[in-house]
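The residues making up each chain are set out below.
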Protein chains: 6
Amino acid sequence: MTSFTRTGGRAVDQLRPVRITRHYTMHAEGSVLIEFGNTKVLCTASVEEKVPPHQRGTGEGWVTAEYGMLPRATHKRSDREAAKGKQSGRTQEIQRLIGRSLRAVFDLKLLGERTIQLDCDVIQADGGTRTAAITGAWVAAQDAVNQLLAAGKITATPILGPVAAISVGIVQGTPLLDLEYVEDVGCDTDMNVVMTGAGHFVEVQGTAEGVAFTRAEMDQLLALADKGVAELVSLQQQSLLLLK
Amino acid sequence: MTSFTRTGGRAVDQLRPVRITRHYTMHAEGSVLIEFGNTKVLCTASVEEKVPPHQRGTGEGWVTAEYGMLPRATHKRSDREAAKGKQSGRTQEIQRLIGRSLRAVFDLKLLGERTIQLDCDVIQADGGTRTAAITGAWVAAQDAVNQLLAAGKITATPILGPVAAISVGIVQGTPLLDLEYVEDVGCDTDMNVVMTGAGHFVEVQGTAEGVAFTRAEMDQLLALADKGVAELVSLQQQSLLLLK
Amino acid sequence: MTSFTRTGGRAVDQLRPVRITRHYTMHAEGSVLIEFGNTKVLCTASVEEKVPPHQRGTGEGWVTAEYGMLPRATHKRSDREAAKGKQSGRTQEIQRLIGRSLRAVFDLKLLGERTIQLDCDVIQADGGTRTAAITGAWVAAQDAVNQLLAAGKITATPILGPVAAISVGIVQGTPLLDLEYVEDVGCDTDMNVVMTGAGHFVEVQGTAEGVAFTRAEMDQLLALADKGVAELVSLQQQSLLLLK
Amino acid sequence: MTSFTRTGGRAVDQLRPVRITRHYTMHAEGSVLIEFGNTKVLCTASVEEKVPPHQRGTGEGWVTAEYGMLPRATHKRSDREAAKGKQSGRTQEIQRLIGRSLRAVFDLKLLGERTIQLDCDVIQADGGTRTAAITGAWVAAQDAVNQLLAAGKITATPILGPVAAISVGIVQGTPLLDLEYVEDVGCDTDMNVVMTGAGHFVEVQGTAEGVAFTRAEMDQLLALADKGVAELVSLQQQSLLLLK
Amino acid sequence: MTSFTRTGGRAVDQLRPVRITRHYTMHAEGSVLIEFGNTKVLCTASVEEKVPPHQRGTGEGWVTAEYGMLPRATHKRSDREAAKGKQSGRTQEIQRLIGRSLRAVFDLKLLGERTIQLDCDVIQADGGTRTAAITGAWVAAQDAVNQLLAAGKITATPILGPVAAISVGIVQGTPLLDLEYVEDVGCDTDMNVVMTGAGHFVEVQGTAEGVAFTRAEMDQLLALADKGVAELVSLQQQSLLLLK
Amino acid sequence: MTSFTRTGGRAVDQLRPVRITRHYTMHAEGSVLIEFGNTKVLCTASVEEKVPPHQRGTGEGWVTAEYGMLPRATHKRSDREAAKGKQSGRTQEIQRLIGRSLRAVFDLKLLGERTIQLDCDVIQADGGTRTAAITGAWVAAQDAVNQLLAAGKITATPILGPVAAISVGIVQGTPLLDLEYVEDVGCDTDMNVVMTGAGHFVEVQGTAEGVAFTRAEMDQLLALADKGVAELVSLQQQSLLLLK
């Protein structure tokens, strides 16, 4: 249907190789390096026995996320946000998205008055860092929750089910799954889709970078995302079956 | 189909009364007060004969937006961002959305090396401030462009066509068009849809605040948005027919 | 006595048309749009059941003010303070002046341990924004206090009497009342005077922009201010007689 | 007329002992320690061969001021503004006042495109720091200008005449000249008056801390200020007669 | 000589296992993961064809460094500096140290008017992060320089020789080489020593955390450091012998 | 041994004239002006009956320091840190050094839960400001402690002994004691040494500004520092013998 050729001959509806490495660093309760091809994001889950002011005394916990990019994770070095003294609008948008996505599958009452703080730091960027972050953060959160269960701090899991995310987009008229950087910069439409294991939507964020997209195109993109997320959820499950 | 009753007996697929007042303040090249029911947003378009660094020397112009909320536009007073010394993540998300939405219908080459700066300030909030802002900003931009044409600074309009936005959501299982504040806080899903006059998508941002939403629900929401935006585009056109 | 002609043939000792619109927005306990000619300032009074640290446990309340200017309230767009990350020295000076002026007519003991937060936001600027803000804020505060009385939260009014403010200045050697923008930029001396209903001084801030001014000139300016404030106090009273 | 006793039996219309020490530090073009009783302010004038953006290319120079307070200049230690990351509203008000006061006696054209930067740092505070700062800054500026003349960088002095400042106030019903700290905290009205050598007003800033003040009281205060400033101007002249 | 037992039976004058992995990420001109035992620091060298203002037009280049710590690199999560809006004093101290250390072995003239920006980000912390950063940054800088040479942008290497760093300290009276975290928190004296390949000192920073240390102890510490740095320099050389 | 000539014919191992003036300002519990030649630093010690969070409830006190430089303390005016909105890395490094140095001779338990806040502000800079600050701060702290003892708030001194600091460096191959500014800018190696009255090391911070320095040179520098600190400690003692 199209003459477009992807890196490594990847099919239009094919994910890049995904690798999920648990216990990547030693201090965090959950620590996952997730790779979508050349995109590498370190996701740690830290358990803190306190909650932000708006949750104090409610008996409920909180799940939140922060996102960062090492300065030279990208083709061209980007300024260090700590040195500039503020996080960019893009960074804030992404970390708010990660936080909402994870909270969508959490029963905060079952978590108890504690916080799971997710830190998603991009070690190397090649497109799709926010979707990799959400997908990896869920595995890290799972490890942290399992540790709370093992320690007897909670008796039932507060995680209602899996959540994962993937990007889809239209490049030269062709809908593609899981855009890498060169596809992302040249695309007309870019959409990030966050879904549950049951295939329902948690977040849909589509943007026409070039021409506006039609309803028919949206349907194609959502179908691709549905396929991609189902595969990611399966990979999340497999990674959790490994001992340690 | 549902027992849900909206304020004033509004139908599920009905917009709130929309009012567009042009020339609301006297200094700006475009100045529009837009009202979606009790939500009131002042949108001004300022023409500046300079562009940000990334556009310098390209011969192209720029369109950008800032968003603010008067401290007591809301039920409960919110802290003034200027006093806190930073814009919230929410504010940045919204102003980036407005900027992208307007740029989607602009030919920056035809604008020439100048900037149209849109300022969207919420005077009174009752849900849907960002969609009102986009819809009103387009009218303000149109007035600014007409002034540039009249002054002979440009010879062809850089505006490719209309753009407008509306929120849709699911409240107690019922898909609704144009959520007011009380509906917004109680909704399961909230979606902001930005579309062109041709009915194509510029931005789709859907979030499951409660349970994740299904593909069927998404289809219902997109259909509502399509109806709402078409009506808004018609109202934009009418407002521009008025002399000054 | 002078050949100077003011906009609309205004006399040297004449106020611009003043309009005070109460209940301008719906959420605030007091909400007043005040207009001095083309200058339009929205003044809201918000009641908060808490006080700043220095008043805690004293049994006394607090009255404070913040001031802002919409970016395109002015002839030329000014940068948004929230985006710059700090309030200018001018903004801080003005909001401190408004707060002191209002506190001068408040018995903080009778207010009880609560705060009246005044927000004065300039929608359109044409000179005299700080004096309009003080004059309008007093009406908004009165509405908020009346609501506290009606709700039985306080039993006696903490407001000791009216306060209002006006600018006076010397333009081309002629002392003028209530300077509009073009007069303000060209004046030699600019003075803001805040007075009580009894005609006593709360604040006098006079600045020689050009040549220093004499004692005789000061006397003329103070006489003009006395006349202007008396008229404003009368207009404040009239606006409060209206139902609603 | 009053039973009020001042420190050291000072008369109501008497200045504290004033001491002006030129060449207090060695690097600045002008460096003056000025003492009003126990209040000690170091005023330096630095000449910089550049002007701020708004003066570039105009052929005119600029005079500006910054004000600071050592953390333990006061009875109780105040937080260091550099550590807090911002200057207080009070600090900004004062440094803007100093800058305007000095510019009032400067012909910026004769200064040429260079800046005189005044730094007024309070070493020890006991009331009246801003008036001491203005009075001392003028002497420092004079020394800097003399150095420019001596170096042949300018051929005529840009200083039009002297400027000095003093505080006056009403304490327990008695108008007083040059308030020290304990008088300042207990006063009903506090006024800072900046005047030229010719006895004309540059700035008048009066504030009713307690009850509003009458026109008659204002007249008394202005008369005291007139006397005080005349004495200060005379002391400024004497200090400049000293060699070195 | 002492009864102190180190992790893994390490000798008092023994380094932890050191691992240097070049080309760890793909975008940077130099990218090195350096491990001192469980301490892991990613050091990237980015070449930018511009210099900071103080070097412009001098014909000389610049070498500078930034340092960061992922929030959960540590036992207990530390706040993200980008979110707090400023870098800590510790972070600034460390990055200034890294920059000075590297510049000590650079001939900035031979580098030409370009900058080598070093980013040292701690992925996992277990003591000695700043010394690992310096040691790894030098290897990354070497790779970046080799790329400049290969591209013909420079014709002679600006690197004068190796530089490496190690920590030494006194724990329970025993001088130790290369402190890991548990040793660091319990030590009396902590010293970071930066030396050239020739065994000369570039930086010596010793701090008595507990009791002050004697001249004899300092001599013991410097001898340990000398041994450690010599071994690190040898490991740096070996790592550079590997192809790619 | 060398042909190098120092200002005023000072010997290579000779301190500049040192002057310690106690009770320099009137509000602080300890207030010392210390002069090393033309370098003048005002060191105040303020006692506050509270401790930072990490010490609360421990029964222990805290000693901390802040450092600042008046804008025109230097040859060329430097920007005011309060106006820039942040302290430089250099400032933070220095104030952390002063704090650690003073805490090294404090028994925080004997101080009780209170803080001694040291403020070191440079009035005039000519090299060695940080070492003068440490040396003067110790005297100021001593005065503050004596006041606590006299008031019966503590019964035993928490000060374990003296601490003082001096800079040493190598200029044109010659090791020098107590570098003044012109020596400092031209030196190859600059070292700041903080020592106790017993001649033990608290801090050693040596930096090769030019070529790396040898072990033999370090030995020479440490010997010079030892001599200098011993003299400073003696001068500290003498200054404290004076009545008030």
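Residues numbered from 1 in each chain as written. Chains lettered and ligands numbered in written order. Predicted model: local features only at pLDDT ≥ 70, side-chain atom pairs only at ≥ 80, totals over all residues. Heavy atoms only, no water.

(A) Representation of the overall build of chain A in the model. Each helix and strand counted, chain A has six helices and nine strands in total. For chain A, whose C-alpha radius of gyration is 18 Å, the value lies close to the compact-globule estimate of 18 Å for 244 residues. By residue count, 59% of the 244 residues in chain A fall in the buried class. Across chain A, the fraction of contacts at a sequence separation of at least 24, relative to all contacts at a separation of at least 6, is 69%. Working note: accessible area of chain A is about 9,200 Å², and carbon and sulfur atoms make up 52% of it. Once the 25 positive and 28 negative side-chain charges of chain A are each reduced to a mean point, those two points are 5 Å apart. (Helix = DSSP H or I, 4+ residues; strand = E, 2+ residues; numbered from the N terminus. Rg over C-alpha atoms; globule rule 2.2 N^0.38 Å. Buried < 20%, exposed > 50% of the residue type's maximum accessible area, 1.4 Å probe, protein only. Contact = heavy atoms within 4.5 Å. Areas by Shrake-Rupley, 256 points an atom, 1.4 Å probe, with all protein chains shown as cover. Lys, Arg positive; Asp, Glu negative; His and termini not counted. Charge placed at Lys NZ, Arg CZ, Asp CG, Glu CD.)

(B) The arrangement of the sheet that holds strand E1 (residues 18-22) of chain A in detail. All names here are of chain A. Spatial ordering of the open sheet is given by E1-E2-E3-E5-E4, a layout of five strands whose pairing is mixed. The sheet is open, and its two borders are formed by E1 and strand E4 (62-69), each paired with just one other strand. On average, each strand axis in the sheet is tilted by 15° relative to the strand beside it, whichever way the strands run. Two elements, strand E2 (residues 30-36) and strand E3 (residues 39-48), share seven bridges in a ladder whose sense is antiparallel. (Pairing = 2+ DSSP bridges. Axes fitted to C-alpha atoms, helices over the stretch in contact; angles between N-to-C directions.)

(C) Looking closely at the confidence of the model for chain A. Looking at chain A, the pLDDT average stands at 96 and 98% of residues meet or exceed 70. Scored by ipTM, the complex comes to 0.95, with pTM at 0.93. (pLDDT = per-residue confidence, 0-100.)

(D) Summary view of the pattern of salt bridges. Tallying each qualifying case throughout the model produces 132 salt bridges over all chains. Note that Glu66 of chain A is salt-bridged to Arg80 of chain E, the shortest N-O span being 2.9 Å. Of this pair, Glu66 of chain A sits in strand E4 while Arg80 of chain E is found in the loop between strand E4 (62-69) and helix H1 (81-84), placing the two residues in two different chains. Between Arg114 of chain F and Glu49 of chain F there is a salt bridge, with its nearest N and O atoms 2.9 Å apart. In this pair, Arg114 of chain F sits in the loop between helix H3 (108-111) and strand E5 (115-124) while Glu49 of chain F sits in the loop between strand E3 (39-48) and strand E4 (62-69), placing the two residues 65 residues apart along the sequence. Judged by relative accessible area, which is 10%, Arg114 of chain F ranks as buried. (Salt bridge = Lys/Arg side-chain N within 4 Å of Asp/Glu carboxyl O.)

(E) Looking closely at the UniProt feature "binding site: phosphate" (unreviewed entry) in chain A. Residues and elements named next belong to chain A. Those places that UniProt annotates as "binding site: phosphate" (unreviewed entry) correspond, in this numbering, to Arg90, Gly128, Thr129 and Arg130. These residues run over 41 residues, yet every pair of their C-alpha atoms falls within 13.5 Å of each other. Its location among the elements puts Gly128 in the loop between strand E5 (115-124) and helix H4 (129-150). You can call Gly128 buried: its relative accessible area is 14%. Here Gly128 is in contact with Arg16, Phe36, Thr39 and Leu179, once residues within four sequence places are set aside. Relative to the helices and strands, Arg130 is located in helix H4. (UniProt positions renumbered as here; feature names shortened; annotations may be inferred.)

(F) Summary view of the UniProt feature "domain: Exoribonuclease phosphorolytic" (unreviewed entry) in chain A. Per the UniProt record, the feature "domain: Exoribonuclease phosphorolytic" (unreviewed entry) sits at residues 14-144 and 161-227 of chain A. With 27% helix and 43% strand, residues 161-227 of chain A has its two end C-alpha atoms placed 18 Å apart.

(G) Examining a nonpolar patch on the surface more closely. Residue and element names in this part refer to chain A. Taken together, the side chains of Tyr181, Val182 and Val185 present a nonpolar region at the surface, about 290 Å² in accessible area. As for its placement among the helices and strands, Val182 is situated in helix H5 (residues 181-185). Accessibility expressed as a relative area gives 56% for Val182, which makes it exposed. (Patch = residues over 30% accessible without salt bridge, like charges linked within 9 Å, V, L, I, M, F, W, Y side chains within 5 Å.)

(H) Local environment of the packing of aromatic side chains. Taken as a whole and assessed by the stated rule, the structure comprises six aromatic pairs over all chains. With centroids separated by 5.5 Å and ring planes inclined at 35°, the aromatic side chains of Phe213 of chain A and Phe201 of chain B adopt a geometry described as tilted. With Phe213 of chain A in the loop between strand E9 (201-208) and helix H6 (215-241) and Phe201 of chain B in strand E9 (residues 201-208), this residue pair bridges two chains. By relative accessible area, Phe213 of chain A is classed as buried at 1%. (Phe/Tyr/Trp six-rings, centres within 6.5 Å; stacked < 30°, edge-to-face > 60°.)

(I) Up close: the arrangement of the chains. There is a clear gap between chain C and chain E: no contact, and 12 Å between their nearest C-alpha atoms. Taking C-alpha atoms as the reference, chain B and chain F come no closer than 12 Å and do not contact one another.

(J) Focus on helix H2 (residues 89-103) of chain B. All names here are of chain B. In this model, H2 (15 residues) spans 21 Å end to end at C-alpha, consistent with the 21 Å of a helix rising 1.5 Å per residue. With 12 of 15 residues buried, H2 lies mostly within the body of the structure. Every buried residue of H2 is accounted for by Gly89, Thr91, Gln92, Glu93, Ile94, Gln95, Leu97, Ile98, Gly99, Arg100, Ser101 and Leu102. (Expected span 1.5 Å × (residues − 1).)

(K) Representation of the interface of chain B and chain C in the model. Each partner contributes residues to the interface: chain B has 38 residues there, and chain C has 37 residues. Of the roughly 2,900 Å² buried where chain B meets chain C, counting both sides, 51% is carbon and sulfur surface. Applying the counting rule to chain B against chain C returns 12 salt bridges. Connecting chain B to chain C are 22 residue pairs in polar contact (both at pLDDT 80 or more). For the side of chain B that touches chain C, the elements supplying multiple residues, two or more each, are strand E3 (39-48), strand E4 (62-69), helix H1 (81-84) and strand E5 (115-124) of chain B. Residues that form the side of chain B that touches chain C fall into these classes: 15 nonpolar, 12 polar and 11 charged. (Buried area = accessible area lost by both parts, 1.4 Å probe. Polar contact = N/O pair within 3.5 Å; in protein donor to acceptor, adjacent residues only side chain to side chain. Nonpolar A, V, L, I, M, F, W, Y, C, P; charged D, E, K, R; others polar.)

(L) Seen up close, the sheet that holds strand E5 (residues 115-124) of chain E. All names here are of chain E. Spatially, the five strands line up as an open sheet ordered E1-E2-E3-E5-E4, and their pairing is mixed. In this open sheet, the two strands that pair with only one neighbour each are strand E1 (18-22) and E4. Between one strand axis and the next, the sheet turns through 15° on average, direction left out of account. In the sheet, E4 pairs with E5 via eight bridges, with the strands oriented parallel. Bridging from a neighbouring strand, Val63 pairs with Ile116 of E5.

(M) Highlighting the packing of helix H2 (residues 89-103) of chain E against helix H2 (residues 89-103) of chain F. It is at 9 Å that the axes of H2 of chain E and H2 of chain F come closest, and there the two elements cross at 110°. As judged from the angle between their axes, H2 of chain E and H2 of chain F are roughly perpendicular. For the pair H2 of chain E and H2 of chain F, the sense of crossing is left-handed. Across from Gly89, Arg90, Gln92, Glu93, Arg96 and Arg100 of chain E in H2 of chain E, the residues of H2 of chain F making contact are Gly89, Arg90, Gln92, Glu93, Arg96 and Arg100 of chain F. (Parallel < 35°, antiparallel > 145°, perpendicular 65-115°, else oblique. Left-handed = near helix turned anticlockwise from the far one by under 90°.)

(N) Fine view of the relation of the copies chain B and chain C. Mapping chain B onto chain C calls for a rotation angle of 180° and an axial translation of 0.0 Å; the resulting RMSD is 0.0 Å. On this basis, the relationship between the two copies can be described by a two-fold rotation axis. Interface residue correspondence from chain B to chain C reaches 97%, placing this contact among same-surface, isologous pairings. (Least-squares fit on C-alpha atoms with pLDDT ≥ 70 in both.)

(O) The packing of H2 of chain B against helix H4 (residues 129-150) of chain B, seen in detail. All names here are of chain B. At a minimum axis distance of 10 Å, the contact between H2 and H4 shows a crossing angle of 40°. Accordingly, the angle class assigned to the pair H2 and H4 is oblique. Of the two elements, H2 crosses H4, and the hand of that crossing is right-handed. Along its contact with H2, which presents Arg90, Ile94, Leu97, Ile98, Ser101 and Leu102, the element H4 presents Thr129, Arg130, Ala133, Ile134, Ala137, Trp138 and Ala141.

(P) Spotlight on unusual backbone geometry. All names here are of chain D. Positive phi, normally seen in glycine, also occurs at His23, with a value near 55°. Here His23 is to be found in the loop between strand E1 (18-22) and strand E2 (30-36). Assessed through its relative accessible area of 33%, His23 is described here as partly exposed.

(Q) Expanded view of the environment of Ser167 of chain D. All names here are of chain D. Looking at where Ser167 falls in the secondary structure, it is placed in strand E6 (residues 163-171). Residues Ser167 and Gly228, 61 residues apart in the sequence, show an inter-C-alpha distance of 8.7 Å. If we skip the residues at most four places from it in the chain, Ser167 touches Thr131, Leu176, Leu177, Asp178, Leu179, Asp190, Met191 and Asn192.

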